[in-house]
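# Overview (structure and organization)
Chain residues, written in single-letter form:
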Amino acid sequence: MKGEIEVIIQAAGIVLTAGRGALVEEVSPEEADVGVALAAFAEDRGLPGGTVNLFLAEELVYTSSFDLPSDTPNLEDAVKFQLGMLAPFPEKDILYGYTSTRSGESYRVTISAARSGQVISIVEQLIRAGFVVKGIYPESQRYVSGKRRKQRWALVMPGRLAKTFVFEGSRLSDRLLNNGEELPYDELARICETENIFHLGAPDDARFRSRQMLLAAPPLLKDYNMLPASYRRLDYLKIAIVVLVVLNLVGLLALGGFRFIEQNHLIKKADREIARLEPLVHEVKETRERIKQTEEFLDLVSQLKGNPDFFPFLENLTANLSEGSYLNQLRINVSEGNAVINGFTDNVGELTERLQEVGETRLQSTSRRRNQTYFQVEITLP
């Protein structure tokens, strides 16, 4: 059976699948140990087992984008400090993965986060059953492959909070909330600026492409891995090679094996090793010089306040969007006590009037894009 075993964690249960969806079985985590169930699933179907990838349904994943200065001394540490302000979960209960792209004088960082409780429990069940968990990803990453590296395409994922993801090749470039309704193909093609639209449901319009076209190739799985480092498998092959090399060198020294190795070869090897180590020595020196900058950055971040109760705010915002209005960006300014939303609308007056139910609303700007009004609205947080 071609393709690795995959486990999809949904709000209503868990799906075990292999062969990129060719074999499927549903499991209730309240009734069974997921590791035991997956072992039986693999054995009954003659699957090799061994490794598995986990995917979280998008309704369980919180995604946000923000900018960091290009001179940020340590990007990973900076992202960790932003988690407390962005993710609507306690910091001790967060799984997260992120990607960053350089944009002018800043880094554009996109982060995916989820609650760790049930997910880590399932990971530990799988490990006890003898499986190696390679990664935990948002479900949308299951459909990203190298086959569409040079294409702009969109993926519609229906659900309670239906979303549309827009990709440039394998990179996520935009996300849209569908305001609780199925958008027609023509409107999605206009908003997403592509006619290459895939749908995970069963749309009436035949112009939507089937998920099977995306599942025909293996996933890249290079972004948004939320698996904690403590659960990641060591590269045992690399360790074994290093050990064997060391043992062979020791053996050669003990047996006088250097008489079989040309002196010129050893000298060249030593020169290559010195050249390899020089950048590391230089990096250590630079790290010491950046300590003061890093400490100043940490002091600044520690002064920032905690995050708002985001999910109730998002649900209230979604419920009060006027018909024909769609969001494509949401930014929370905790220190200023407000949120800034950007999107498209057919009637900006109706939009601002309805958003008064969410909080004090101020229209910042409007412009014409894609034959619609593109707006920016500031809302005071409750």
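Residues numbered from 1 in each chain as written. Predicted model: local features only at pLDDT ≥ 70, side-chain atom pairs only at ≥ 80, totals over all residues. Heavy atoms only, no water.

So, about the sheet that holds strand β6 (residues 94–103). Backbone hydrogen bonds are what pair the strands of a sheet, in a parallel or an antiparallel way. Spatial ordering of the open sheet is given by β5-β7-β6, a layout of 3 strands whose pairing is antiparallel. Looking along the sheet, the strands with just one partner apiece sit at the ends: β5 (62–69) and β6. The sheet shows a mean angle of 20° between the axes of neighbouring strands, taken without regard to direction. Relative to strand β7 (residues 106–115), β5 runs antiparallel, the two sharing 8 bridges. Bridge assignment links Pro69 to a residue of β7, and that residue is Ser106. Strand contacts of helix α2 (residues 75–86): β5, β6 and β7, with the helix running at about 130° to β5, the strand carrying the most contacts. (Pairing = 2+ DSSP bridges. Helix = DSSP H or I, 4+ residues; strand = E, 2+ residues; numbered from the N terminus. Axes fitted to C-alpha atoms, helices over the stretch in contact; angles between N-to-C directions. Contact = heavy atoms within 4.5 Å.)

What follows is about helix α9 (residues 348–355). Listed as buried for α9 are Leu351, Thr352 and Leu355. Projection of α9 onto a plane perpendicular to its axis shows the buried side chains occupying an angular sector of 90°, all on one side. Among the residues of α9, the N-terminal cap falls to Asn347, whose side-chain oxygen and the backbone nitrogen of Gly349 are separated by 3.1 Å. (Buried < 20%, exposed > 50% of the residue type's maximum accessible area, 1.4 Å probe, protein only. Arc of directions from axis to C-beta. Polar contact = N/O pair within 3.5 Å; in protein donor to acceptor, adjacent residues only side chain to side chain.)

Looking now at unusual backbone geometry. One non-glycine residue, Leu221, lies in positive phi territory at about 55°. As for its placement among the helices and strands, Leu221 is situated in the loop between α5 (211–215) and α6 (236–254). One non-glycine residue, Tyr224, lies in the positive phi region at around 65°. Residue position: Tyr224 is located in the loop between α5 and α6. On the basis of relative accessibility, which here comes to 4%, the residue Tyr224 falls in the buried class.

This next bit is on the sheet that holds strand β4 (residues 51–56). What the 5 strands build is an open sheet, ordered β3-β2-β1-β4-β8; its pairing is mixed. In the strand order of this sheet, the two ends are held by β3 (23–27) and β8 (132–138), each with one partner. Along the sheet, successive strands turn relative to each other by an average axial angle of 20°, direction set aside. Sheet topology places β4 next to β8; 6 bridges connect them, and they run parallel. Residue Leu56 lies in a different strand from β8, and its bridge partner there is Pro138. Sheet strands touched by helix α1 (residues 34–44): β1 (5–9), β2 (14–18), β3 and β4. Its angle to β2, the strand with the most contacts, is close to 30°.

With that settled, the discussion passes to the nonpolar core. In this structure, Leu16, Leu38, Val52, Leu54, Leu126 and Ile136 are the most contacted members of the largest nonpolar core, which totals 29 residues. Every element with two or more residues in this core is listed here: β1, β2, α1, β4, α3 (117–128) and β8. In contact with Ile136, not counting residues within four places along its chain, are Leu54, Leu56, Leu95, Val119, Val123, Tyr224, Asn225, Met226 and Leu227. If you look at the next biggest cluster of nonpolar residues, it comprises 15 residues, including Leu321, Leu327, Val334 and Leu381. (Core = buried A, V, L, I, M, F, W, Y, C linked by side-chain atoms within 4.5 Å.)

Another point: the pairing of strand β11 (residues 171–177). For strand β10 (residues 163–168) and β11, the ladder comprises 6 bridges, and the chain directions are antiparallel. When the bridges of β11 are listed, Phe165 appears paired with Arg175. From the end of β10 to the start of β11, which pair antiparallel, there are 2 residues, and Gly169 there has a positive phi angle of about 65°.

On to the packing of aromatic side chains. The final tally for this structure, using the stated rule, is 5 aromatic pairs. On the basis of an interplanar angle of 65° and a centroid distance of 5.1 Å, the ring pair of Phe344 and Tyr374 is categorised as edge-to-face. Of this pair, Phe344 sits in strand β15 (residues 338–345) while Tyr374 sits in strand β17 (residues 372–380); the two residues are 30 residues apart in sequence, bridging distant segments of the chain. What makes Phe344 buried here is its relative accessible area of 2%. Tyr374 gets classed as buried once you look at its relative accessible area, which sits at 10%. Feature note: the residues Trp153, Phe167 and Phe198 constitute an aromatic cluster, connected by ring pairs. The positively charged end of Arg102 is found above the aromatic ring belonging to Tyr107, 5.3 Å away from the centroid. (Phe/Tyr/Trp six-rings, centres within 6.5 Å; stacked < 30°, edge-to-face > 60°. Lys NZ or Arg CZ within 6 Å of the ring centre and 35° of its normal.)

Another aspect to go through is the environment of Ser322. When you line up the elements, Ser322 lands in the loop between α8 (310–320) and β14 (326–333). Given the relative accessible area of 1%, Ser322 is considered buried. Measuring from C-alpha to C-alpha, the distance between Ser322 and Arg354 comes to 6.8 Å, with 32 residues separating the pair along the chain. Not counting chain neighbours up to four residues away, the residues in contact with Ser322 comprise Asn179, Thr345, Asn347, Glu350, Leu351 and Arg354. A polar atom in the side chain of Ser322 sits 2.7 Å from the side chain of Ser325.

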